[in-house]
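So the chains spell out like this:
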Amino acid sequence: MATIQYLESGVTNFVEAATVTASSANSAFPATNVSSSAPRDLSSPWKSAATVVTGAKLLFDLGSAKAVTAVVVAGHNVRSGGTVTVRAGTGADPDGSAFSTTLSIRDDLIWKVIASSTYQFWSIQFDDSGNPDTHVRASYVMLGAISTFPQGI
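Everything numeric here is computed off the predicted structure, so don't read it as measured data.

Caption draft 1: The arrangement of the pairing of strand S4 (residues 56-74) in detail. With four bridges connecting them, strand S2 (residues 19-22) and S4 associate as antiparallel partners. Directly across from threonine 19, in S4, lies its bridge partner aspartate 61. When S4 meets strand S9 (residues 140-144), the two strands line up antiparallel, connected through five bridges. Considered in S9, the bridge of valine 71 is made with leucine 143.

Here it is as structure tokens:
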């Protein structure tokens, strides 16, 4: 039987209550823009500083270790040759030794269901050398526990 899986805003999206910072940010488009609860204004994303198109990170402190089973990044501008890497661990800027995965680039919305990983600190790194926008951006991020229901409910 097929299932329906989703992350519910305000219930299982741990980013909405997290402390969010960035390694690089345009002061008019701060990192906290990715954590606002619904309704989302996708025209107010986080943007890295001008000319920073590699190594730009969003850093998340969930306040305590939480079991994350899905990652969603909406409203990004990373092109097909770029990479988005998610890391988690025990330090404020995880190095990936505890958990690391790369997201497949899709138009404007990328997501990945992962094996349950329980950590307090998470990061999402954006790398898109030569991006014509001269910055990388994301409008909304979800790190959370996925809910699964049988199809038809």
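Okay, back to it.
Caption draft 2: Region of the structure containing the environment of glycine 55. By secondary structure assignment, the location of glycine 55 is in the loop between strand S3 (46-47) and S4. Classification of glycine 55 as partly exposed rests on a relative accessible area of 30%. Considered as a pair, glycine 55 and phenylalanine 126 are 71 residues apart in the sequence and their alpha carbons are 6.0 Å apart. Non-local contacts of glycine 55, meaning those with residues more than four positions away in its chain, are made with Ser23, Gln125, Phe126 and Asp127.

Caption draft 3: Local environment of the environment of threonine 85. In this structure, threonine 85 sits in strand S5 (residues 83-89). Separated by 18 residues in sequence, threonine 85 and leucine 103 place their C-alpha atoms 6.2 Å apart. Residues in contact with threonine 85, not counting those within four places in the same chain, are Ser100, Thr101, Thr102, Ser123, Ile124 and Gln125.

Conventions we followed
Within each chain, residues carry numbers counting from 1 in the order of the written sequence. Where totals are concerned, whole chains, interfaces and linings use all residues; where local detail is concerned, this predicted model gives features only for residues with pLDDT of at least 70, and gives and counts side-chain atom pairs only at 80 or more. Only hydrogens and water are removed before side-chain values are computed, so all heavy atoms of the structure are retained for them. By definition, two strands form a pair when at least two bridges between them are found by DSSP. Only DSSP runs of H or I with at least four residues qualify as helices, and only runs of E with at least two residues qualify as strands; both kinds are numbered from the N terminus onward. Only protein chains enter the accessibility calculation, which uses a 1.4 Å probe. A residue is then buried if its area is under 20% of the maximum for its type, exposed if over 50%, and partly exposed in between. Residues count as neighbours in contact if any of their non-hydrogen atoms are within 4.5 Å of one another.

This is a description of form; function is not addressed.
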